[in-house]
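Residue-level structural notes
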Amino acid sequence: MKNEFKLPRLRPLDLSREIYAPHRKLYGFALRVKNKPGVLFRITKVLAELRINILGFSASTLRPEAEEAVIVLLTDCGRIIKPCDKVLKDLRSLEGVIDAEGIEPNKFGALFDVVHFPLQVHGERGVIFCEPILRGMIEVMRRQIGPGMNAILWKAGYYGGAEVAKEFEERYKLKSPEDQFEMLKFKAVALGWFIITDISISKKPLKVVLKLFNPWECSLARERRKEPQSHFIRGILSGFSSYIFKREMLAVEKRCMAMGDSYCEFIVTAREEKAR
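Residues numbered from 1 in each chain as written. Predicted model: local features only at pLDDT ≥ 70, side-chain atom pairs only at ≥ 80, totals over all residues. Heavy atoms only, no water.

1. A few points about the pattern of salt bridges
For the coordinates displayed, the defined rule picks out 15 salt bridges. Between glutamate 49 and lysine 45 there is a salt bridge whose closest N-O contact spans 2.7 Å. Of this pair, glutamate 49 and lysine 45 both sit in helix H1 (residues 39-49), 4 residues apart, roughly one helical turn. By relative accessible area, which is 56% here, glutamate 49 ends up exposed. A relative accessible area of 41% places lysine 45 in the partly exposed class. Here arginine 92 ties to aspartate 99 by a salt bridge, and the two come within 3.4 Å at their closest N and O atoms. (Salt bridge = Lys/Arg side-chain N within 4 Å of Asp/Glu carboxyl O. Helix = DSSP H or I, 4+ residues; strand = E, 2+ residues; numbered from the N terminus. Buried < 20%, exposed > 50% of the residue type's maximum accessible area, 1.4 Å probe, protein only.)

This is the structure:
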């Protein structure tokens, strides 16, 4: 089975939940609202009429049966005369708004969403580490541990990949390898891991060939490397495949963007078989 993944036009998503503009009149609105159609429209209508520009928006992803949610709007109130506490009163009076609170910038002029904590993905805690932190962590450990660091990354990825496949099986009731890899395509993009542009699954002999674009490990490499760099992702694909095929599978990276290739290619085969 061969499956090419057609994506809409990709755009970066900034998750900083911060606005830094010390010379602007920044203000945040944290609102507890009912999960009903039209509530967000009424809120933004009030702000638009006051010429309050929304610079940032954050809200938890809801299940359809959820009764309420908390949303945070980071705004530029530079054009309004009305005091922000009066705006809060207007927002509290809206149908569907349970409560509204204000968020002031800190003394350095930065406005943060300090309401949503901890960060979660399907109820499990998540944290955000940007490239400088990830690069520092991996490079320091690689200097201290040596080449064995690659094996540690692979092993950590292996167990993580198996857990992802287990989650797909339990949450989405997915059983077939084709369905599991189909879900992985979407999950990987949503979480910023990588983009799977092509998947080929053959049963005899058992082999999975994946083409990946922009995996996070390759983006950490500032200079062109002589060897493939996606050790953690190799582990993810090995553990993921081992769980869904119910046998030990091993992913080998044949092409790597950190080496100058236009995409990363992984060949996943049963451990006793050699990837070609």
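So, next bit.
2. A short note on unusual backbone geometry
Phenylalanine 117 connects to proline 118 through a cis peptide bond whose omega is -5°. Here proline 118 shows up in the loop between strand S7 (110-112) and strand S8 (120-121). Put simply, lysine 204 and proline 205 share a cis peptide bond, and its omega is -10°. By the element assignment, proline 205 lies in the loop between strand S10 (195-202) and strand S11 (207-213). One non-glycine residue with positive phi stands out, namely asparagine 214, at about 55°. With respect to the helices, strands and loops of the structure, asparagine 214 is situated in the loop between S11 and helix H6 (216-219). By relative accessible area, asparagine 214 is classed as partly exposed at 44%. Although it is not a glycine, lysine 246 sits at a positive phi angle of roughly 60°. Along the chain, the position of lysine 246 falls in the loop between helix H7 (231-245) and strand S12 (249-255). Under the relative-accessibility criterion, lysine 246 is labelled exposed at 57%.

Function cannot be inferred from these measures alone, as they are strictly geometric.
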